[in-house]
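What follows is the residue order along each chain.
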Amino acid sequence: MAVIDSGIDLTHPAFQDSLTDASSWKDFYGADNLPQEEGEIGVGGYGHGTNVAGIVMQVAPAAKILPLRVLGPDGSGDVAGVAQAILYAADQGAKVINLSLGSVENSSIVEDVIRQVTARGVYVVASAGNANQNSISYPAALATRKGSLGEYLLSVGSSDLNDLKSSFSNYARTLEIVGPGENVYSPYPDGRVAGWSGTSMAAPMMAGGLALALGQGLKVSGKDLTKKMAESAFDVYNNGANEAYKDMLGVKGRVDLVKFLKDTTQQ
């Protein structure tokens, strides 16, 4: 599966058996083939991609991660690089693509390539954004579109350990699911471990969950997989919880990977 982000720490001990062959790596931000995170400890987005990839690895330890860099140390990038990376990931055989990134405006270029890869049966998981707004960022917001794009694209918000909406997480009636996204510990550059918070941390949990399901025999249609993940979630609205955000934290709420795998894979 592909992690399209700020790169990762390619030398981190945690990743040494979890990455695809180096010949498949690519840096669309630096225009080379070495998607190594760059920056300073504690500054900007340095470590973001490493954390995201580490979460995928913890959820689906047998998955092979294809690291693709599209963001700089400050978290900035351009839509052309993101679009190229999405198409490249699919061409390399990625079954799941994680996009812990987004924008308040839709990009027709990014939408087009997501439509292309989802039509090929590639799953795309996108974070909903961290502005605490009643709207979700793009490309996550595209998950409501009909056809293969909507079936294979999943939008993800964040909840805390008490299954309450994270203070920063965007929300909307179109949001499909939420996952734990606060103080999620994972590898950090320079051989370290660090905790991050954001919808960026919740998204790779879903991506890892999809990878787990795809690694086993499915007993449901592939086009129903993201729907089943949303429908099998834990009900975060039970007993009046999250009343202010009723029906805006997903179909039911917080991902339940155990139930999801039980409902979708051959046991």
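Now for a quick tour of the structure. (Residues numbered from 1 in each chain as written. Predicted model: local features only at pLDDT ≥ 70, side-chain atom pairs only at ≥ 80, totals over all residues. Heavy atoms only, no water.)

So, on to the packing of aromatic side chains. Counting across every chain of the model gives four aromatic pairs. Taking 5.9 Å as the distance between ring centres and 80 degrees as the angle between the ring planes, the aromatic pair formed by Tyr46 and Tyr188 counts as edge-to-face. Of this pair, Tyr46 sits in the loop between strand S2 (26–27) and helix H1 (48–59) while Tyr188 sits in strand S8 (residues 184–188), and the two are 142 residues apart along the sequence. On the basis of relative accessible area, Tyr46 is assigned to the buried category, the value being 8%. Measuring from centroid to centroid gives 4.7 Å for Tyr123 and Tyr152, while their planes differ by 45 degrees, and the two rings are tilted. Here Tyr123, found in strand S5 (residues 123–127), pairs with Tyr152, found in helix H4 (residues 148–152); they are 29 residues apart in sequence, far enough to count as distant. (Phe/Tyr/Trp six-rings, centres within 6.5 Å; stacked < 30°, edge-to-face > 60°. Helix = DSSP H or I, 4+ residues; strand = E, 2+ residues; numbered from the N terminus. Buried < 20%, exposed > 50% of the residue type's maximum accessible area, 1.4 Å probe, protein only.)

Cis geometry is adopted by the peptide bond preceding Pro139, which originates at Tyr138 and carries an omega value of 10 degrees. Structurally, Pro139 can be placed in the loop between S5 and H4. Positive phi is not limited to glycine here, since Asn183 has a value of about 50 degrees. Among the secondary structure elements, Asn183 is positioned in the loop between strand S7 (177–180) and S8.

Further remarks concern the environment of Trp196. Locating Trp196 in the fold gives a position in strand S9 (residues 192–196). Of the residues examined, Trp196 reaches a relative accessible area of 17% and is grouped as buried. Along the primary structure Trp196 and Ala90 are separated by 106 residues, whereas in three dimensions their C-alpha atoms are 28 Å apart. When sequence neighbours within four positions are dropped, the list of residues in contact with Trp196 reads Gly44, Gly45, Tyr46, Gly47, His48, Asn51, Gly181, Glu182, Asn183, Val184, Tyr188 and Met201. (Contact = heavy atoms within 4.5 Å.)

Looking now at the nonpolar core. The biggest cluster of nonpolar side chains holds 71 residues, and the ones touching the most others in it are Ile4, Leu68, Ile86, Ile97, Leu99 and Ile114. When residues of this core are assigned to their parent elements, the largest contribution, eight residues, is made by helix H5 (residues 199–214). Each residue touching Leu68, except ones within four places of it in the same chain, is listed here: Ala2, Val3, Ile4, Asp5, Gly7, Ser24, Lys26, Phe28, Pro35, Ala85, Tyr88 and Ala89. Counting residues in hydrophobic clusters, the runner-up holds 11 residues, among them Ile136, Ala141, Tyr171 and Ala172. (Core = buried A, V, L, I, M, F, W, Y, C linked by side-chain atoms within 4.5 Å.)

All chains considered together, the criterion is met by 10 salt bridges. A salt bridge links Arg173 to Asp247; its shortest N-O distance comes to 3.8 Å. Here Arg173 is found in the loop between strand S6 (153–159) and S7, whereas its partner Asp247 is found in the loop between strand S10 (234–235) and strand S11 (253–254), with 74 residues between them in sequence. Here Asp247 falls in the partly exposed class, since its relative accessible area comes to 34%. Residues participating in the shared-partner salt-bridge network are Asp27, Glu38 and Arg69. (Salt bridge = Lys/Arg side-chain N within 4 Å of Asp/Glu carboxyl O.)

None of the figures reported here should be taken as evidence of function without further support.
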